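Structural overview for review
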Amino acid sequence: MTEFFSFVSKAEKIRCRPEEAGNHLLYNPRTDLLHIVDLRGKQIFDLCDGRAIDDVVREGCALFEGTASTVAAQQVLDFLCALKRRDLVVMR
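**A look at the packing of helix H1 (residues 39–47) against helix H2 (residues 53–64)**
Packed helix pairs are characterised by how far apart their axes lie and by the angle those axes make with each other. It is the contact of H1 with H2, at a shortest axis distance of 10 Å, that shows an interaxial angle of 160 degrees. Classified by the interaxial angle, the pair formed by H1 and H2 is roughly antiparallel. Crossing handedness for the pair H1 and H2: right-handed. In contact with Arg40, Gln43, Ile44 and Leu47 of H1, H2 contributes Val56, Glu59, Gly60, Leu63 and Phe64. A breakdown of the residues in the contact of H1 with H2 according to their chemical character gives 5 nonpolar, 2 polar and 2 charged.

The following block contains the structure:
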């Protein structure tokens, strides 16, 4: 992933609202689809503000274990890829 893309930002006009049990609802008006993420997912989504993907992965790892590990880094990267597939973030 980071071989091809360097930065990640939220897609335009994505709306977010808190839901029950600490989950958050992300709505993409372009696709008219709703996506539910947990608190960690919301925190990682919030990191997508134009910063380097490697920085998002590093900071996202702290949400899983407090320190970077290969497993946590892969989980964050997989989550970012899932956000991209759902058109919730833009990678460039």
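Having seen the structure, we can now continue with the description.
**Focus on the packing of H2 against helix H3 (residues 70–85)**
The contact between H2 and H3 brings their axes to 8 Å, and the two run at 120 degrees. With respect to each other, H2 and H3 are oriented oblique. In this structure, the crossing between H2 and H3 has a hand that is right-handed. Contacts between H2 and H3 pair Ile53, Val56, Val57, Gly60, Cys61 and Phe64 from the former with Ala72, Ala73, Gln75, Val76, Leu77 and Leu80 from the latter. Counted by class, the contact of H2 with H3 contains 10 nonpolar, 2 polar and no charged residues.

Basis of the calculations
Residues numbered from 1 in each chain as written. Predicted model: local features only at pLDDT ≥ 70, side-chain atom pairs only at ≥ 80, totals over all residues. Heavy atoms only, no water. Axes fitted to C-alpha atoms, helices over the stretch in contact; angles between N-to-C directions. Helix = DSSP H or I, 4+ residues; strand = E, 2+ residues; numbered from the N terminus. Parallel < 35°, antiparallel > 145°, perpendicular 65-115°, else oblique. Left-handed = near helix turned anticlockwise from the far one by under 90°. Contact = heavy atoms within 4.5 Å. Nonpolar A, V, L, I, M, F, W, Y, C, P; charged D, E, K, R; others polar.

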